[in-house]
Amino acid sequence: MLLSDAFTSSARRYDLLTRLNPGYQRELRRAARQLAAMLDATSRPVIWDLGCGTGLSTKALLKTMPHAKVIGVDASAGMLAAARAKDWPAGTEFVLDRVENLVTNPAPELTQTPDGVFAAYLLRNLPAEDRTEVLAKIREFMGPDSPLVLHDYSVADSNVARAKWTLVCFLIVIPLAALTGAKTSLFTYLWRSVMDNDSTANVLKRLTQAGFRDAAVTTAKGWHRKVLYTYTARNQGARE
Ligand SMILES: C[S@@+](CC[C@H](N)C(=O)[O-])C[C@H]1O[C@@H](n2cnc3c(N)ncnc32)[C@H](O)[C@@H]1O
């Protein structure tokens, strides 16, 4: 089964399961605030929310930047259908596409250069060998100096984090997914993909190799400490 199909089949339960994850929304909002702090003053910034899923990250962006125009992009039709079914400010758009296709075949909604790019829980879902290239492709779309924020789990740096992540997945996430009737395979995949994910140093290296500058990382709070990270970086070039 394709990963996008697996997300589609769990789309209805996705929001419920994230509500059972203490701090999920709070940490998305914290990452969104980091992006907001890096933006130039502009009346209506255009923000791309790559891998927007059911729109939880879109909501965090709009809560932090109520005047932004957010364009969500996701490869899963089911996740996007759940996002589109919610209420959004006028101008919010959702595009069905894979981020890998952005350069070769961009959707018409994505022709305007974004003021900032946000991607929560996306990069880990791409094959490791493609991640740097996809980051470089995203950068090609961005204006000089404009900010990128990535937000994702990583446990490669710490055995304590690996143990914590394994306990949370097998004692809480996977049993709760089963209780709600969701297919547990996506959540077993979630565990494995985080265990195998890049270290924070590797993500920072990828950002630099992809042509971003000032790459930096911070960890989250609560149980997410040293398990969930937010990366910030800027495109090369100077503002005019
Ligand atoms: C864990 S969800 C995160 C959703 C949302 N950003 C959030 O914070 O709740 C990851 C999303 O990335 C999407 N995704 C995975 N690979 C993708 C790709 N190559 N291109 C676009 N979207 C992708 C999946 O369909 C899924 O909806």
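Residues numbered from 1 in each chain as written. Predicted model: local features only at pLDDT ≥ 70, side-chain atom pairs only at ≥ 80, totals over all residues. Heavy atoms only, no water.

- The name given to the protein chain in an unreviewed UniProt entry is Ubiquinone/menaquinone biosynthesis C-methylase UbiE, with the source organism recorded as Enteractinococcus fodinae.

Looking at the overall build of the protein chain
Thought 1: For the protein chain, the helix and strand inventory stands at eight helices and seven strands.
Thought 2: A compact globule built from 240 residues should have a C-alpha radius of gyration of about 18 Å, and the protein chain, at 17 Å, falls within 12% of that.
Thought 3: Along the three orthogonal principal directions, the C-alpha set of the protein chain runs to about 50 × 40 × 30 Å.
Thought 4: The buried share of the protein chain, reckoned over its 240 residues, is 53%.
Thought 5: Here the contacts in the protein chain between residues at least 6 apart in sequence split such that 72% fall between residues at least 24 apart. (Helix = DSSP H or I, 4+ residues; strand = E, 2+ residues; numbered from the N terminus. Rg over C-alpha atoms; globule rule 2.2 N^0.38 Å. Buried < 20%, exposed > 50% of the residue type's maximum accessible area, 1.4 Å probe, protein only. Contact = heavy atoms within 4.5 Å.)

Points about the packing of helix α2 (residues 24-38) against helix α3 (residues 56-64)
Thought 1: Between α2 and α3, whose axes approach to 8 Å, the crossing angle comes to 55 degrees. As summarised for this structure, α2 and α3 are arranged oblique, according to the angle between their axes. In this structure, α2 meets α3 at a crossing whose hand is right-handed. Side by side, α2 and α3 meet where Y24, Q25, L28, R29, A32, R33, L35 and A36 of the first sit next to L56, S57, K59, A60, L61, K63 and T64 of the second.
Thought 2: Residue composition of the contact of α2 with α3, by class: eight nonpolar, three polar and four charged. (Axes fitted to C-alpha atoms, helices over the stretch in contact; angles between N-to-C directions. Parallel < 35°, antiparallel > 145°, perpendicular 65-115°, else oblique. Left-handed = near helix turned anticlockwise from the far one by under 90°. Nonpolar A, V, L, I, M, F, W, Y, C, P; charged D, E, K, R; others polar.)

Considerations on the side chain of T232
Thought 1: Turning to its location among the elements, T232 is positioned in strand β7 (residues 228-235).
Thought 2: Once you skip the residues sitting within four places of it in the chain, T232 turns out to touch Q34, M38, L148, V149, D214, A215 and A216.

Regarding the UniProt feature "domain: Methyltransferase" (unreviewed entry) in the protein chain
Thought 1: What UniProt calls "domain: Methyltransferase" (unreviewed entry) maps, in this numbering, to residues 47-144.
Thought 2: For residues 47-144, the helix share is 29%, the strand share is 19%, and the end-to-end C-alpha distance is 15 Å. (UniProt positions renumbered as here; feature names shortened; annotations may be inferred.)

Focus: the pairing of strand β5 (residues 147-153)
Thought 1: Counting buried positions along β5 yields seven of seven residues, so the element is predominantly enclosed.
Thought 2: Neither face of β5 is open: one carries P147, V149, H151 and Y153, the other L148, L150 and D152, and all of them are buried.
Thought 3: By the bridge criterion, four bridges tie strand β4 (residues 116-120) to β5 in an arrangement that is parallel. Pairing of V117 across the sheet is with L148, part of β5.
Thought 4: Taken together, β4, helix α5 (residues 131-141) and β5 constitute a β-α-β crossover, and its handedness is right-handed.
Thought 5: Taken together, the seven bridges between β5 and β7 define a ladder with antiparallel strand orientation. Looking across to β7, one finds that L148 is bridged to A233. (Pairing = 2+ DSSP bridges. Right-handed = clockwise from strand over helix to strand, strands pointing away.)

Focus on the nonpolar core
Thought 1: Of all hydrophobic cores here, the largest spans 44 residues; its most connected members are L28, I47, L61, F118, Y153, W165 and F187.
Thought 2: Listing elements by their share of this core, those giving two or more residues are α1 (3-19), α2, α3, β4, β5, α6 (159-179) and α7 (185-195).
Thought 3: A total of seven residues in this core trace back to one element, the largest contributor, which is α6. (Core = buried A, V, L, I, M, F, W, Y, C linked by side-chain atoms within 4.5 Å.)

Section: the site of the ligand
Thought 1: The immediate surroundings of the ligand are formed by 22 residues, with Y24, G51, S57, D74 and E100 found nearest.
Thought 2: Within the backbone of V99, an N or O atom sits 3.0 Å from a nitrogen atom of the ligand.
Thought 3: Those elements giving two or more residues to the shell around the ligand turn out to be α1, α2 and α3. (Near = heavy atom within 4 Å. Polar contact = N/O pair within 3.5 Å; in protein donor to acceptor, adjacent residues only side chain to side chain.)

Thoughts on the sheet that holds β4
Thought 1: Taken in spatial order, the seven strands of this open sheet run β3-β2-β1-β4-β5-β7-β6, and their pairing is mixed. Strands at the two margins of the open sheet, each flanked by one partner only, are β3 (93-96) and β6 (212-219). Neighbouring strand axes in the sheet, compared pairwise and without regard to direction, differ in orientation by 20 degrees on average.
Thought 2: This element, α2, spans β1 (46-50), β4, β5, β6 and β7 of the sheet and lies at about 160 degrees to β5.

Quick word on the packing of aromatic side chains
Thought 1: Applying the stated rule across the entire model yields seven aromatic pairs.
Thought 2: Ring centres 5.3 Å apart and planes at 10 degrees place the aromatic pair Y24 and Y121 in the stacked group. Residue Y24 is located in helix α2, and its partner Y121 is located in the loop between β4 and α5; the two are separated by 97 residues in the primary sequence. Summarising the burial analysis for this pair, Y24 and Y121 share the class buried. (Phe/Tyr/Trp six-rings, centres within 6.5 Å; stacked < 30°, edge-to-face > 60°.)

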